[in-house]
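# Coordinates in review
Each chain, written out:
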Amino acid sequence: MFDDLRDLYQEVILDHGRKPRNFRRLDDPDRTARGDNPMCGDRIELFLKLGADGGIADVAFQGRGCAISTASASLLTELVKGKTAAQAHALADGFRQLAMTGTCPACEAALADDMERLQPLSGVHEFPSRVKCATLAWHTLNAALDGSKETSSE
Amino acid sequence: MSLDLSRIRADFPILSQQIRGKDLVFLDSGASAQKPRVVIDAMIRCMEQRYANVHRGAYWLSEAATEDYEAARGAVAGFLNASDPREVIFTKNSTEAINLVAHSWGRGVLRPGQAVLISELEHHANIIPWQMLRDAHGIELRVARATDAGELDIEDVAAKLADGKAGLVAITHMSNVLGTVTPAERLVAMAHAAGARILFDGSQAAVHRRVDMQALGADFYAFTGHKLYGPTGIGVLWARLEHQERMPPFLGGGDMISSVTFERSEWAPPPAKFEAGTPAIVEAVGLHAAIDYVSALGMAAIETHERDLVDHAMRRLTDIEGLSLLGRAQDRGGVFAFTLDNAHAHDLATLLDRAGIAVRAGRHCAEPLHTRFGVEGGTVRASFGLYTTQGEIDFLAEALVKAREFFA
Ligand SMILES: Cc1ncc(COP(=O)(O)O)c(C=O)c1O
């Protein structure tokens, strides 16, 4: 009945959705931001620890959401650790492009490996009402890096 | 008399549609219902043959359009068994109807310090206007509790009316999330005994059972055309004339005045006083056709059919492992909100969509109610219309079992 949905719900997504990585609070975060999707009640809180060089030394999240928003946040935490703010912003931009259109032709070669790991989420572009689920964590990341506290994917 | 479902379904052009190669199973009528051919045709005929602005031109077409618009008012009055068509005010939807009462009657008649009693069962449309009135006009907003079964806690209603400070009770006649039908007659008696007026949000109830204004004895009753198989853009506020007389206008403009100078204007008599500007003429004609349609089937027959659907859904849904249903009210209509243990509401709705099943996921404009029942995210809601079949409910149940396996 749902076979054609295996494109959207690939095993990676179901796995990260069920067992999100870095799903905890950071004790002494340098930055936090909350993301809200008022339409469906998804809500996440993202915590960043910055290194001496301003890069992302540690990242974790908490909250509740659907499989897609949880998997997206979980993958985010795995990918942005160790990046500079500029690199993280660039990845967030690339991911938004991927979620909305299914590809990111403009993405730099330096992002290729990360984009490859995010590829399983590209299927959301066929589900306009679900794109926001996938991008919520990334909006929240941008907000945390920019020092604003609240963001909404509406 | 029972409904002939295959004939009825043929009356609704959209239902014969396939979506991505699957038969459409439309289980979101609680959000907005589909339209029968007669409604569509009536609106087309209005625009092709009998359309002009109303209440204005001394020419045949305008008179014909005015006649049709006022006939729609008469049809609504008949549908509600109102004692006078002037009790029927056309609005844009229920939301506007409730805002009209809050703004006009609320500011014009309620005194600061008086209270408005709503309940935990309310749709945002029957919460926010009263919060706005509270903030602008200094009234107190009280909220009657719902029981764990999702029924209105009548003792709590009584307790919150006991000090006589409530000037208005504003309560849903049927919850758009739990399906709970509230004990309307009893609430009218309680409100009046406490010296309060009473408004019902009938957005859901008026669609599923016969409502009778003369028998009910309420003060205000709101419903919305698009849930009653009519078009969007038209709703109804039924209000007793004695209240309308005391209410200042809501919006100002054309059609709602009897004389205008730059110094002062005189208001037109009710209900025109509350219908400023060019009204939803075509939509009123569509609503009239919808009312004729459900009346010809018979509200009693519709209610019986929907009761069978509710019983069937109750059996099928409660059988599903991991499914928890919000609310178990004794008296309920065809609205079922639930969660499934391992699947988020949004994921579930996407899955069901792929099977051709249209349901809603989220909090259904009733966030406090979801909080009350400890549901932080959202629920999936399946809601029925007069065209819903038991087969569709079976299909939903099978899809839910498979969805659970999918996410296991
Ligand atoms: C109980 C209830 N009240 C109010 C409304 C608002 O109706 P409308 O959006 O047509 O104003 C709805 C439907 O959305 C409803 O179910």
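Source: prediction; values computed, not measured.

## Considerations on a nonpolar patch on the surface
Residues and elements named next belong to chain B.
- Together, Y59, W60 and L61 line one region of the surface with nonpolar side chains, adding up to about 330 Å² of accessible area.
- Among the secondary structure elements, L61 is positioned in helix α3 (residues 60-79).
- For L61, a relative accessible area of 31% puts it in the partly exposed group.

## Some words on the nonpolar core
- Counting 79 residues, the largest nonpolar core has Y9(A), I68(A), L118(A), W138(A) and L400(B) as the members making the most contacts within it.
- For this core, the leading source of residues is helix α5 (residues 131-146) of chain A, giving ten residues.
- Not counting residues within four places of it along the chain, the set of residues in contact with L118(A) comprises L75(A), L79(A), L91(A), F95(A), L98(A) and W138(A).
- Grouped together as the second largest cluster of nonpolar side chains are 77 residues, A82(B), A205(B), L369(B) and F373(B) included.

## A look at the interface of chain B and chain A
- On the chain A side, the residues contacting the 21 residues of chain B number 23 residues.
- Summed over both partners, the interface of chain B with chain A buries about 2,000 Å², with 60% contributed by carbon and sulfur atoms.
- For the chain B face of the interface with chain A, the top three residues by lost area are H346(B), R354(B) and F406(B), together amounting to 35%.
- Counting every contact that joins chain B to chain A gives two salt bridges.
- Across the pair D347(B) and R130(A) runs a salt bridge whose closest N-O atoms are separated by 2.9 Å.
- Partitioned by chemical class, the residues of the side of chain B that touches chain A number nine nonpolar, six polar and six charged.

## A look at the sheet that holds strand β6 (residues 140-144) of chain B
All names here are of chain B.
- Within the open sheet, the seven strands sit side by side as β4-β10-β9-β8-β7-β5-β6. Their pairing is mixed. Since the sheet does not close on itself, it has two edges, and those belong to β4 (88-91) and β6, each with one partner. Averaged over all neighbouring strand pairs, the angle between strand axes comes to 20 degrees, with direction disregarded.
- Strand direction decides the pairing type here: strand β9 (residues 220-224) and strand β10 (residues 235-239), joined by five bridges, are antiparallel. Considered in β10, the bridge of Y221 is made with W238.

## A word on the sheet that holds strand β14 (residues 335-340) of chain B
All names here are of chain B.
- Here we have four strands laid out as an open sheet, ordered β13-β14-β17-β16, and antiparallel in their pairing. With one partner strand each, in any of the chains shown, β13 (323-325) and β16 (360-362) form the two edges of the open sheet. Across the sheet, the mean angle from the axis of one strand to that of its neighbour is 35 degrees, orientation sign disregarded.
- Note that β13 and β14 share three bridges and pair antiparallel. By the bridge assignment for β14, L323 is matched with L340.

## Quick look at the state of the cysteines
All names here are of chain A.
- Applying the stated rule across the entire model yields one disulfide over all chains.
- Disulfide partner of C104: C107, at an S-S distance of 2.1 Å. On the S-S bond that ties C104 to C107, the torsion sits near 85 degrees, and the link is right-handed. One exposure class covers both C104 and C107, and it is buried.
- Between C66, a free cysteine, and C133, which holds the nearest cysteine sulfur, the sulfur-to-sulfur gap is 3.9 Å.

## Side note on the domain arrangement of chain B
All names here are of chain B.
- For chain B, the domain assignment lists domain 1 (5-31 + 298-407) and domain 2 (40-295).
- Each of domain 1 and domain 2 has a C-alpha centre, and the two are 28 Å apart.
- Contacts between domain 1 and domain 2 engage 38 residues on the former and 34 residues on the latter.
- Summed over both partners, the interface of domain 1 with domain 2 comes to about 2,900 Å²; 54% of that surface belongs to carbon and sulfur atoms.
- There are three salt bridges connecting domain 1 and domain 2.
- Between D331 and R209 there is a salt bridge, with the nearest N and O atoms lying 3.0 Å from each other.
- For the interface between domain 1 and domain 2, the tally reads 24 residue pairs in polar contact (both at pLDDT 80 or more).
- Mapped by element, the contributors of at least two residues to the side of domain 1 that touches domain 2 are α12 (299-318), β14 and α14 (367-372).
- Here the residues of the side of domain 1 that touches domain 2 are counted per class, giving 19 nonpolar, nine polar and ten charged.

Rules and cut-offs
- Residues numbered from 1 in each chain as written.
- Chains lettered and ligands numbered in written order.
- Predicted model: local features only at pLDDT ≥ 70, side-chain atom pairs only at ≥ 80, totals over all residues.
- Heavy atoms only, no water.
- Patch = residues over 30% accessible without salt bridge, like charges linked within 9 Å, V, L, I, M, F, W, Y side chains within 5 Å.
- Areas by Shrake-Rupley, 256 points an atom, 1.4 Å probe, with all protein chains shown as cover.
- Salt bridge = Lys/Arg side-chain N within 4 Å of Asp/Glu carboxyl O.
- Helix = DSSP H or I, 4+ residues; strand = E, 2+ residues; numbered from the N terminus.
- Buried < 20%, exposed > 50% of the residue type's maximum accessible area, 1.4 Å probe, protein only.
- Core = buried A, V, L, I, M, F, W, Y, C linked by side-chain atoms within 4.5 Å.
- Contact = heavy atoms within 4.5 Å.
- Buried area = accessible area lost by both parts, 1.4 Å probe.
- Nonpolar A, V, L, I, M, F, W, Y, C, P; charged D, E, K, R; others polar.
- Pairing = 2+ DSSP bridges.
- Axes fitted to C-alpha atoms, helices over the stretch in contact; angles between N-to-C directions.
- Disulfide = S-S within 2.5 Å.
- Domains from an automatic or database assignment.
- Polar contact = N/O pair within 3.5 Å; in protein donor to acceptor, adjacent residues only side chain to side chain.

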